[in-house]
Amino acid sequence: MIFLWLFCSHFNSKLLYILDAIHNIVNIDCKKRSDAESISFDFCIKKISAYGVDNDILEEIKKFPFPFQQLIIKEACAVMNRLEKGKGVPGLTSLDCYCLFRHRYLLPCKHIFHEHMYGNKLLTPDVWQMFREIFEESGFEVYESRELFIEYVQTEQQKRAEDRRIAVSELTERMRDRYYRVEETGNAEWTQSFISMLEASVNPIISRFDNSNEKM
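Because the structure is a prediction, the values reported are computed rather than measured.

**Side note on the overall build of the protein**
And step 1. Helices and strands together make up the secondary structure of the protein, namely nine helices and zero strands.
And step 2. From first element to last, N terminus to C terminus, the protein shows the α and β order α-α-α-α-α-α-α-α-α.
And step 3. In the protein, which comprises 216 residues, the share counted as buried stands at 25%.
And step 4. Here the analysis covers contacts within the protein between residues at least 6 apart in sequence; of these, 60% occur between residues at least 24 apart.
And step 5. Per element, the accessible surface of the protein, about 15900 Å² overall, is 58% carbon and sulfur.

**Some remarks on the pattern of salt bridges**
And step 1. For the coordinates displayed, the defined rule picks out four salt bridges.
And step 2. Three or more residues joined by partner-sharing salt bridges are found here, namely Glu60, Lys63 and Arg132.

**A word on the nonpolar core**
And step 1. Phe64, Ile112, Phe113 and Trp128 are the most contacted members of the largest nonpolar core, which has 28 residues in total.
And step 2. Elements with a minimum of two residues in this core: α2 (55-61), α3 (66-84), α5 (110-118) and α6 (125-136).
And step 3. Considering every element that reaches this core, the biggest residue donor is α3, with six residues.

**Focus: a nonpolar patch on the surface**
And step 1. A cluster of nonpolar side chains, Met80, Leu83 and Tyr118, forms an exposed patch at the surface whose accessible area comes to about 280 Å².
And step 2. Here tyrosine 118 falls in the partly exposed class, since its relative accessible area comes to 47%.

**Examining the packing of aromatic side chains**
And step 1. If you walk through the whole model with that rule in mind, you get five aromatic pairs.
And step 2. Look at phenylalanine 113 and tryptophan 128: their rings are 6.2 Å apart centre to centre, the planes differ by 45 degrees, and that puts the pair in the tilted class. On the criterion of sequence distance, the pair formed by phenylalanine 113 in helix α5 and tryptophan 128 in helix α6 is long-range, its members being 15 residues apart. As far as burial versus exposure is concerned, phenylalanine 113 and tryptophan 128 are alike and both buried.
And step 3. With a centroid separation of 6.4 Å and an interplanar angle of 35 degrees, the aromatic rings of tyrosine 179 and phenylalanine 194 are classed as tilted. Residue tyrosine 179 is found in helix α8 (residues 156-184), and its partner phenylalanine 194 is found in helix α9 (residues 188-215); the two are separated by 15 residues along the sequence.
And step 4. Taken together, the aromatic side chains of Phe64, Phe113 and Trp128 make up a single cluster linked through ring pairs.

Rules and cut-offs
- Numbering of residues starts from 1 in every chain and runs along the sequence as written.
- Under the rules for a predicted model, residues below a pLDDT of 70 receive no local features and side-chain atom pairs below 80 are neither given nor counted, while totals for whole chains, interfaces and linings still include all residues.
- The side-chain figures draw on all heavy atoms in the structure; neither hydrogens nor water molecules are used.
- Note on conventions: DSSP H or I runs of at least 4 residues are helices, E runs of at least 2 residues are strands, and numbering of each starts at the N terminus.
- Each residue gets one of three labels from its accessible area relative to the maximum for its type: buried under 20%, exposed over 50%, partly exposed in between, using a 1.4 Å probe on protein chains only.
- The contact definition used throughout considers only heavy atoms, calling two residues in contact when any of these lie within 4.5 Å.
- Accessible surface is estimated by sampling points in the Shrake-Rupley manner with a 1.4 Å probe; for residues, cover comes only from the protein chains shown.
- A carboxyl oxygen of Asp or Glu within 4 Å of a side-chain nitrogen of Lys or Arg is what we treat as a salt bridge.
- To define a nonpolar core, start from buried Ala, Val, Leu, Ile, Met, Phe, Trp, Tyr and Cys residues and group those joined through side-chain atoms within 4.5 Å.
- Candidates for patches are residues over 30% relative accessible area with no salt bridge; among them, like charges are joined within 9 Å and nonpolar side chains (Val, Leu, Ile, Met, Phe, Trp, Tyr) within 5 Å.
- For Phe, Tyr and Trp, rings pair up if their centres lie within 6.5 Å, where Trp contributes its six-membered ring, and each pair is then called stacked (planes under 30 degrees apart), edge-to-face (over 60) or tilted (otherwise).

Function-wise, these values are silent; they only describe arrangement.
Structure follows, in structure tokens:
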């Protein structure tokens, strides 16, 4: 009898342990399902809010899945920082901006937003629709395919060429920003001095490489 009692006690303890483990597994599964449903809801339904962004732009941004809204809104808000730093309108005439964000995420960048707000109206309804169509079918998988393309198709030489184009674009923007700052002082003599010094620096470089191209 004692042996049977010990056996039953041991069996009951094991059974309680197994039942407790099953209960924990069920709880974890329920939590994961709940988290997945919440993420799915946020991805498809949740809308972002932002201060200082034009309502027309904000409404277009809200048509994207929530993670994309977060990416785009940061770029739209970054225009204010550009203005505070005295940066002028980029002078874009198309969506072809070579900044890192535009190249990496295929979305409107702060330079495009800046141009749209204070220069050329680049972000038309058709353009917004074009951006949405990029992600409507593939979602974030568009970045996976892009990474594969970069990894297997783009050569090292092409990567370096792209880096050079980005560097030149940044240098051009810095020079343009500096000119606008000088121009805004209202000192015509100082502005002309800036232009003269810029020409004196740039012209020899252009001439040198013009001559090099003729020789090649």
